Amino acid sequence: MKRFYFTSIIILCLFSCERPFIKLTVSNAYDVLQTRPDSALFLIRSIDTTKIMSQRWKSRYALTKAIALDKNYIDTADASFLMPAVKYFEKYGKPKESTESYYYLGRIQYNAGDYASSIISLSKALDASKAADSRFRGMIYTALGHTHSKNHNNKDELKYESLAYHSTLEYGDSTYINFARFNLGIAYHNNRLLDKADSLLSLVEGSDYLVNEARIALADNEIHKDPHDAKRVIRLIEQTMESHGRMELKHYYEYALALTECGRKGEADHYLSALSRFPDDAKSYWWRYRIANYNKDYKTALKYLDLYSEVSDSVVVKRLEQSLYKAQAEHYSLVSKIARAESSKSRLISIIVILLSLVLLLLLSIGFLKYKSKMMEENDRLRFRQEESERMIKRLSND
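Quick notes on the rules
Residues numbered from 1 in each chain as written. Predicted model: local features only at pLDDT ≥ 70, side-chain atom pairs only at ≥ 80, totals over all residues. Heavy atoms only, no water. Helix = DSSP H or I, 4+ residues; strand = E, 2+ residues; numbered from the N terminus. Buried < 20%, exposed > 50% of the residue type's maximum accessible area, 1.4 Å probe, protein only. Contact = heavy atoms within 4.5 Å. Areas by Shrake-Rupley, 256 points an atom, 1.4 Å probe, with all protein chains shown as cover. Polar contact = N/O pair within 3.5 Å; in protein donor to acceptor, adjacent residues only side chain to side chain. Core = buried A, V, L, I, M, F, W, Y, C linked by side-chain atoms within 4.5 Å. Phe/Tyr/Trp six-rings, centres within 6.5 Å; stacked < 30°, edge-to-face > 60°. Lys NZ or Arg CZ within 6 Å of the ring centre and 35° of its normal. Axes fitted to C-alpha atoms, helices over the stretch in contact; angles between N-to-C directions. Parallel < 35°, antiparallel > 145°, perpendicular 65-115°, else oblique. Left-handed = near helix turned anticlockwise from the far one by under 90°.

**Q** What exactly am I supposed to notice about the overall build of the protein here?
**A** For the protein, the count of helices and strands is 18 helices and zero strands. Expressed as a percentage of the 399 residues in the protein, the buried residues total 38%. Across the protein, the fraction of contacts at a sequence separation of at least 24, relative to all contacts at a separation of at least 6, is 57%. In the structure as shown, the protein presents an accessible area of about 23900 Å², 57% of it carried by carbon and sulfur atoms.

**Q** Help me understand the side chain of Ser 134 in this model?
**A** Positionally, Ser 134 belongs in helix α8 (residues 134–150). Reaching out from Ser 134, the side chain makes a polar contact with the backbone nitrogen of Tyr 171 at a distance of 3.5 Å. Among all residues touching Ser 134, those that are not within four sequence positions of it are Ser 167, Glu 170 and Tyr 171.

**Q** Would you explain the nonpolar core in this entry?
**A** Side chains that are nonpolar tend, in soluble globular proteins, to be buried together. With 42 residues, the main nonpolar core has Ile 47, Leu 82, Tyr 103, Tyr 104, Ile 140 and Leu 144 as its most contacted residues. With seven residues, the top contributor of residues to this core is helix α4 (residues 55–71). In contact with Leu 82, other than residues within four places in its own chain, are Ala 62, Leu 63, Ala 66, Ser 101, Tyr 104, Leu 105 and Ile 108. The next biggest cluster of nonpolar side chains, apart from the first, holds 27 residues, and it includes Leu 218, Ile 237, Met 247 and Leu 272.

**Q** Mind showing me how you'd approach the packing of aromatic side chains here?
**A** Note on aromatic pairs: each is described by the distance of the centres and the angle between the planes. On inspection of all chains with the given rule, the structure shows twelve aromatic pairs. On the numbers, 5.2 Å between centres and 50° between planes, the contact of Tyr 88 with Tyr 92 is tilted. With a gap of four residues between them, Tyr 88 and Tyr 92 both fall in helix α5 (residues 83–92), about one helical turn apart. When its relative accessible area of 16% is taken as the criterion, Tyr 88 is described as buried. By relative accessible area, Tyr 92 is classed as exposed at 57%. Among the aromatic residues, ring-to-ring pairing joins Tyr 88, Phe 89 and Tyr 92 into one connected group. Above the ring of Phe 81, the side-chain terminus of Lys 65 is found at 4.8 Å from the ring centroid.

**Q** Sorry if this is basic, but what is going on with unusual backbone geometry here?
**A** For residues that are not glycine, phi is negative in most cases, and the peptide bond is trans in most cases. The omega torsion of the bond from Asp 226 to Pro 227 falls at 0°, within 30 degrees of zero and hence cis. Relative to the helices and strands, Pro 227 is located in the loop between α12 (208–223) and α13 (230–242). A positive phi is found at Tyr 73, a non-glycine position, where the angle reads about 60°. Position of Tyr 73 relative to the elements: it lies in the loop between α4 and α5.

**Q** What's the story with the packing of α13 against helix α14 (residues 249–261) in this structure? I'm lost.
**A** The description of two packed helices rests on the angle between their axes and on the distance between the axes. Where α13 meets α14, the axes come as close as 9 Å, and the angle between the chain directions of the two elements is 135°. In terms of orientation, α13 and α14 fall into the oblique class. Taken as a pair, α13 and α14 cross one another with a handedness that is left-handed. For the pair α13 and α14, contact is made by Ala 230, Val 233, Ile 234, Ile 237, Glu 238 and Met 241 and by His 251, Tyr 252, Glu 254, Tyr 255, Ala 258, Leu 259 and Glu 261, respectively.

**Q** I keep staring at the packing of helix α11 (residues 194–201) against α12 and nothing clicks. Help me out?
**A** Closest axis-to-axis distance for the α11/α12 pair is 10 Å, and the angle between their directions is 160°. Here α11 is positioned roughly antiparallel relative to α12, judged by the angle of their axes. The handedness of the crossing between α11 and α12 comes out as left-handed. When α11 is examined against α12, the residues Leu 194, Ala 197, Asp 198 and Leu 201 are found in contact with a partner set consisting of Ala 214, Ala 217, Leu 218, Asn 221 and Glu 222.

Below is the structure:
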């Protein structure tokens, strides 16, 4: 790897003024995006952009940079460097270039929290992805599922995560399949299809990180069942702790409830005391209500239920936002369908015009041929009369 960097620096120093080399560098960076994304990012950052002259290669550079940042887990929220490339590829690019530019634009808009714009960009990527392989289409579906989840639109989240899962099954790579399986399990959970979520999350394999994510998600899914298995919740959470898996505050509240239900009140109180140092929100109020209600401390349970209800008023606003985002997404879908219909209509009109032109040309040809035939007949008659006149003149002269 050190030799690669050293060689690249020497080449850049020697040939940085040569446009063909810049093209070669951008192409090489793009080629190693999947296998060596850090090397791709190094190459891209080494290029002097003032020496890129054509709009096409400026666009190629911007797209490669966007992909390299994403592949290296650098979540940029500024899409300004990519927008000219998106517009260029929309007009002059190949389908793959247009698909990738819209996809990574959608990813950047997602990072910026602009979920409505992200959905539109990702939908455009999907429209342009007819020639894309099942892996990349799966990536687009996954991004759409995540974005709809952020908009609290669980129904569309499930729709796109299901499409992503089937695309990865078609592609056949086990890593992609396990990530898609996990995402679909989460989508089932968010739609309260808890048994389906359980069956999928239980099948997740792969890296320690992903297995731990699936394990804590199973615990979260189990605690929401009615009835649920508190011992299973404890076992899953303790396995996650032992594996140093990622846990959120809600998981510790769920652990405290499961401990309480299993008669381990002292341990539950210890965790609740530690959790009291963090700011409360709707989730914390809900779990404290559940624990107090289980302990038959109804006065405390009522207090937390009231607090939960007050904080949860924001859910109404979220639902309204969800409706707005859904309306925007449906509007784009309708506009896209109209555009495709107009395009089909335009093609049909063009075909009709061509056919009518051919028919008119045929009629003109037939008319011309008839006129030509008539003129030839007229010429023959005139020639015959002329010859007849000449014979008559000769006879008269002889007489």
